[in-house]
Amino acid sequence: MRSFAYARPLTVMAAVQALADASPHARIIAGGTTLYDLMKLNIEAPQALVDVSRLGELTTFDTSGTRELVFGAMARMSDIAADRTLQTDYPALAESLWLAASPQVRNMATVGGNLLQRTRCAYFRGGAPYPCNKRQPGSGCAAIGGLDRSHAILGTSTSCVAVYPGDWAVALAAFDAQLDTVSPRGERTIPIDELHREPGETPHLETILKPDELIVRIRVPVTVAGRASTYHKIRDRASYAFALASAAVALRVDGDTVREARIALGGVATRPWRARDAERALMGGALTEGSARAAGELAFTAARTGQYNRFKVELGARTIAEALMIAKGRAKTS
Amino acid sequence: MTGPGPFPDVARVDARDKVRGMTPYGADNHPPNLAHAMLVTAQIGKGRLVKVDTDAARAVAGVQLVLTHQDTEGLKADGYLFANGRSFQSVQPMIGTAIAYRGQPIALVVADSLEAAIEGAEQVSAEYVTAPFSVTLDSEGTEILAQADLPLPKPAFADKNVGDADAALAAAPVTVDAVYDSAPQHQNPIELIATVASWDGDELTVYESTQHVEGIRQGLAFELGISPDKVRVISPFCGGSFGQKNAMHAQTVLVALAARTLGRPVKLVVPRSQLFHNTSFRPPTRHRVRLGADRAGKIVAAVHEIDQQTSRHDLFPSMATDTSARLHGIPNFRSRERLRRTDVQTPGFMRAPWEHAAAFAFESAIDELAYALDRDPVELRLANELPYDVVTGKPFSSRHLSECLRRGAELFGWARRRMAPRSMRETDGTLVGWGVATGAYPSVISPSIAQLRVTDDGGIVLNVGVQEMGQGARNAVAAAVADVLKVRADQVTTLLGDTKGPPPHLTAGSWGTATAVPAARQAAIDMREALRKLQPEASNGATPAGILRHAKRPFLEVEARHQAPGAPDAVFDRMKQGLLAYVGPEFPEFVSFSFIAHFVEVHVEPATCRVRVPRVVTVADCGRVVSPRTAASQLRGGVVWGIGGALREASEVDPRYGGFLNADLAEYLVPVNADIGDIQVDFVDKPDPMLNNAGVKGLGEVANVGPAAAVANAVYHATGRRVRHLPIRIEDLL
Ligand SMILES: Cc1cc2nc3c(=O)[nH]c(=O)nc-3n(C[C@H](O)[C@H](O)[C@H](O)COP(=O)(O)OP(=O)(O)OC[C@H]3O[C@@H](n4cnc5c(N)ncnc54)[C@H](O)[C@@H]3O)c2cc1C
């Protein structure tokens, strides 16, 4: 833990200016539930923080739109999870927040900061003496050949098998959300699917965001598949734990026929993982226990397992299958 | 002996303060001019320090002092708890250059602020020579020792050999032979370990969180080479302990040394990640259990063999079969306990330190036998009760295990259970399992001195050597006095946890109540007699203060002592030296244990195999229940612990690095509220007629003996899968 400079701008413009002034050593801080934690562990040691939690214009959200849902990046996880419209029209989104972390964390954490939470890999968080390519590029990966029970089986590389731990980004991935950002270079829009990178040879680069780039809002296109959706999270305890496997699933069905299937996975991959093959396999067919199971298996055909995480293939497949049946049940009642 | 009648269920005497956050814990002390400290720990698995570079740390603004092994000349290691010392292990870090395990402290940084101390600690670097190490039961380089051959007191640590277990086993028509493993665990009380040390001239005052202020006073004086008279240790409350704080830790003397060097008070709160390496933990164990029975369901033989981890430098013995031999009346019983030496800090006591894993193994095996015999597991246990102890041939001081089983079965609705695995389901396909297991825990007693003072203004002050660590010791001793003097418990002021008072025993091993309550009760009885002498004609409703005022006496004081039946007076001397001084569970005329029965319902989701525990019924025989409110909490807590041990908790060890990997509460999974369903607890509440004048046995530990087995047995009943290791996780059931 070191001393650092600290600025708390009140407008987005002032925030962009503060980032430009302090760049490249500044870090954005919102709720602080990830960043302060990593600073205390001495994994991150920023020289300057730009606290964006008081950007009032970014703390609101609107789920009543006819074209899209809009979430200010500084809106709290707990506030959005409690939104009635979201709970009925997009249960997967509400559940992904509701089932994350603890009430205390959700009251502090923002949905913008949430997207950028970092892996829980104990070798990453543990610091020295563990080698970690994410923490210290080129040092190696202690998780490969180590205690990898919670690690990824999809999107891994020979440099890194760390799981992307978050839930909300997984649910957003299922709905093709978009992010609006601003930086000293201007504004841009990023599809959520492009935000996170696979580790490849550069696991320390986790997203395509630039250090001085501020997420201002998250937009989700309106879809009727939202109603028939669920975020199914399987973990070691009933609350306050990261996913061993999770599936965000949304369906549009016509009678028995699947017209649209959206499946994104958490807890099993190095980034929020869209299971497109599984989606395609379901299209145009009837959703049965059998076809759900087959889709679940298909999602893991490319899985690469380690010493202790082999079970995630079976668990992941079952999680998807069960999530599909839950979503189907909601399609009927809506 | 006739004990007291049933006690009323009253609120904790400290409840109001606790809910208002007013209870003073060790780290809450802020003497003026306080400096803050942080430890630096070794990052190698084993070896030797070549150099500790502290220059960068000293350059951090606010850093006042960096202590390393070069600054500890004259410091002596006090010694290991089980080897006539008072420390949790024999290694005192920062004396010498040897590194025995990863996480061992190598420097202490002291600064004006906590932030500067942390930053300074991050700046300390070290060079090492590394040595090979082994950290798991099965690692190469692990040394296997037969406990019976070790220089440990006999017969306490001898193998048991009653009857001819091997022959009986060979002849038995129905047998079970299985191996069970348990994972290492850490106690993880919410309150961290902390020391606040300040010197006034040559007098040292230490605030801690401990189960044993006297042990720290004596151990610290020895390490510093000063008279114990110059040391005062204060710990009136302990924010959870579970065995972790039963002996002196490494930081205490280092903080005292820093405070002396700087001439100002120093505080250290050890962060949780470091606590995983600087306190004891529950060692991993492996149990082979063999049972033999005749076809009628009479269990004729048991062989219980155990391998348990210990450190390279200390022998943390296994006492597990002391209990497994007493769970059921099995006439032929043989045990063999072995220790496996590895390069870790010395493992030690965690609630039901041996009995948790031993009961998991033994009671799982009993369940396996029940299925092999096709006998109901409750009925099988009831059919194998004996009224005496087969190991010694002596009677039990009291044994109401059958009543625990019968009452528990009744409360649980056990009669509706179907025997076959996978035979009970919810309408949505959820698998339902019902499991049972029993537990036992030795009753032992330490010496105790109680001083009671009543004053004419209504004061009733009890000063007794017992530590309050949340278990409710204050309630129990206050209730014992209140019962005799016919006052309310909250009218009794309890002074505990200060070496200025009568010498306190190490409060551990569930002996606190059976140790302190009889002394407190005796003091109250003596006081009642003294008051009666002052005013023989006093009416029944006369208060102590009223009698004093009538006799024109401002106060009256009595002191009472209590020790275990048959214990030599020398136990008081050991207690005064801060050493282990308990006696039991074998006494001259009898053997004494507490008993318990747990009934558990699990639900296992059909696809994803998540295990839930919607309800538990637990019935305990702990003798007379002196403090019903805290006793019920102890039972519920023990069951929660059992659920944690059965389904979640494991301290993860990467053999390539040593130490513990998941060293924080986000990754070391204890149960959360959402994991806990209905827990119904009940007590036999019959006073033990032999053990002491209050009829009390122990409770806190026995509560965690057996629940993990009951969960595992319920999982088997639900799924048909017999999982023989702890914890049981999703991947075991998929
Ligand atoms: C014990 C614990 C358990 C948890 N369990 C779960 C769980 O089960 N599921 C789950 O999904 N999450 C879980 N979390 C993670 C939690 O959800 C995140 O920590 C939180 O959402 C981060 O939000 P924040 O506002 O606090 O981010 P910060 O900590 O403030 O920031 C996080 C990162 O995002 C960057 N950042 C923040 N805001 C912006 C922005 N607007 N634009 C660009 N960059 C930004 C920061 O620079 C930083 O790198 C858990 C956290 C803890 C501590």
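Quick caveat: nothing in here was measured; it's all calculated off a predicted structure.

Participant: An account of the overall build of chain B is needed here, citing residue identities and associated values.
Facilitator: Secondary structure summary: chain B contains 18 helices and 25 strands in total. The globule rule puts the C-alpha radius of gyration for 734 residues at 27 Å, and the 26 Å found for chain B is close to it. Taking the principal axes of its C-alpha atoms as reference, chain B extends roughly 80 × 75 × 50 Å. Across the 734 residues of chain B, 65% fall into the buried class. Per element, the accessible surface of chain B, about 24,900 Å² overall, is 50% carbon and sulfur. Separation between the mean location of the 75 positive side-chain charges and that of the 82 negative ones in chain B comes to 3 Å.

Participant: Pulling in residues and values, what's your account of the pattern of salt bridges?
Facilitator: Opposite charge on two side chains lets them pair, provided their charged atoms get close. Following the criterion strictly, the structure yields 78 salt bridges over all chains and no others. Taking the shortest distance from any N to any O, the salt bridge between Arg118 of chain A and Glu44 of chain A comes out at 3.1 Å. Here Arg118 of chain A, found in the loop between α7 (111–115) and α8 (122–126), pairs with Glu44 of chain A, found in the loop between α2 (35–40) and β3 (48–51); they are 74 residues apart in sequence, far enough to count as distant. Here Glu305 of chain B and Arg334 of chain B are joined by a salt bridge, their closest N and O atoms 3.8 Å apart. Here the residue Glu305 of chain B occupies a position in strand β15 (residues 299–311), and Arg334 of chain B occupies one in strand β16 (residues 332–342), the gap between them amounting to 29 residues. For the pair formed by Glu305 of chain B and Arg334 of chain B, the shared burial category is buried. Connected through shared salt-bridge partners, Asp138, Asp166, Asp181, Arg286, Arg290, Glu305, Asp307, Arg334, Arg336, Arg338 and Arg340 of chain B make up one network.

Participant: Any chance you could break down the domain arrangement of chain A for me, citing the residues and the numbers?
Facilitator: Annotation of chain A at the domain level lists domain 1 (5–54) and domain 2 (224–333). Once you take the C-alpha centre of each, domain 1 of chain A and domain 2 of chain A turn out to be 36 Å apart.

Participant: Give me the sheet that holds strand β1 (residues 5–7) of chain A: which residues, what numbers.
Facilitator: Residues and elements named next belong to chain A. Spatially, the three strands line up as an open sheet ordered β1-β3-β2, and their pairing is parallel. Of all strands in the sheet, those bounded by a partner on one side alone are β1 and β2 (26–29). When the angles between neighbouring strand axes are averaged without regard to direction, this sheet yields 25°. With four bridges joining them, β2 and β3 adopt parallel strand pairing. Considered in β3, the bridge of Arg27 is made with Leu49.

Participant: Now, about the domain arrangement of chain B: what can you tell me, with residues and values included?
Facilitator: Residues and elements named next belong to chain B. Split by domain assignment, chain B resolves into domain 1 (15–22 + 444–576), domain 2 (31–131 + 190–240 + 245–278) and domain 3 (143–185 + 282–443 + 588–732). Inter-centroid distance (C-alpha atoms) of domain 1 to domain 2 is 35 Å. Taken together, the contact pairs 19 residues of domain 1 with 19 residues of domain 2. Surface buried jointly by domain 1 and domain 2 totals about 1,500 Å² across both partners, of which 49% is contributed by carbon and sulfur atoms.

Participant: Let's hear about the packing of aromatic side chains: which residues, and what values?
Facilitator: With the rule as written, the count across this model stands at 29 aromatic pairs over all chains. Measuring from ring centre to ring centre gives 4.9 Å for Tyr130 of chain A and Tyr657 of chain B, while their planes differ by 80°; the resulting arrangement is edge-to-face. Of this pair, Tyr130 of chain A sits in the loop between α8 and α9 (168–174) while Tyr657 of chain B is found in the loop between α16 (628–647) and β24 (676–683), placing the two residues in two different chains. In this structure, Tyr130 of chain A and Tyr657 of chain B share a single accessibility class: buried. Each member of the aromatic cluster is reached from another via a ring pair, and the members are Tyr80, Phe82, Phe157, Phe316, Phe349 and Trp354 of chain B. One Lys or Arg, Arg399 of chain B, reaches over the ring of Phe396 of chain B and ends 4.9 Å from the middle of that ring.

Participant: Lay out the nonpolar core with the relevant residues and their values.
Facilitator: Ranked by size, the top nonpolar core spans 120 residues in total, and within it Leu265 and Leu324 of chain A together with Phe599 and Val602 of chain B carry the most contacts. Sort the elements by how many residues they give to this core and helix α9 (residues 355–373) of chain B lands first, with nine residues. Setting aside anything within four residues of it in sequence, one finds Val602 of chain B in contact with Leu431, Val432, Gly433, Val611, Arg612, Val613, Pro614, Val711, Ala714, Val715 and Ala718 of chain B. One finds Ala73, Leu172, Ala248 and Ala250 of chain A within the second-largest nonpolar core, a separate group that totals 56 residues.

Participant: I'd love a proper account of the interface of chain A and chain B, names of residues and values included.
Facilitator: Counting residues at the interface gives 34 residues for chain A, matched by 34 residues for chain B. Buried area between chain A and chain B, summed over both chains or domains, comes out near 2,900 Å², and the portion from carbon and sulfur atoms is 55%. On inspection of chain A and its partner chain B, the count reaches four salt bridges. For Glu667 of chain B, the salt bridge is made with Arg120 of chain A, and the minimal N-O distance between the two is 2.8 Å. At the boundary of chain A with chain B, the tally comes to 12 residue pairs in polar contact (both at pLDDT 80 or more). Counting only elements with at least two residues in the side of chain A that touches chain B, the list comes to α8, β9 (229–234) and α13 (311–333) of chain A. When residues in the side of chain A that touches chain B are grouped by element, the largest group, six residues, is from α13 of chain A. A class-by-class count of the residues in the side of chain A that touches chain B yields 16 nonpolar, seven polar and 11 charged.

How each quantity is defined
Residues numbered from 1 in each chain as written. Chains lettered and ligands numbered in written order. Predicted model: local features only at pLDDT ≥ 70, side-chain atom pairs only at ≥ 80, totals over all residues. Heavy atoms only, no water. Helix = DSSP H or I, 4+ residues; strand = E, 2+ residues; numbered from the N terminus. Rg over C-alpha atoms; globule rule 2.2 N^0.38 Å. Buried < 20%, exposed > 50% of the residue type's maximum accessible area, 1.4 Å probe, protein only. Areas by Shrake-Rupley, 256 points an atom, 1.4 Å probe, with all protein chains shown as cover. Lys, Arg positive; Asp, Glu negative; His and termini not counted. Charge placed at Lys NZ, Arg CZ, Asp CG, Glu CD. Salt bridge = Lys/Arg side-chain N within 4 Å of Asp/Glu carboxyl O. Domains from an automatic or database assignment. Pairing = 2+ DSSP bridges. Axes fitted to C-alpha atoms, helices over the stretch in contact; angles between N-to-C directions. Contact = heavy atoms within 4.5 Å. Buried area = accessible area lost by both parts, 1.4 Å probe. Phe/Tyr/Trp six-rings, centres within 6.5 Å; stacked < 30°, edge-to-face > 60°. Lys NZ or Arg CZ within 6 Å of the ring centre and 35° of its normal. Core = buried A, V, L, I, M, F, W, Y, C linked by side-chain atoms within 4.5 Å. Polar contact = N/O pair within 3.5 Å; in protein donor to acceptor, adjacent residues only side chain to side chain. Nonpolar A, V, L, I, M, F, W, Y, C, P; charged D, E, K, R; others polar.

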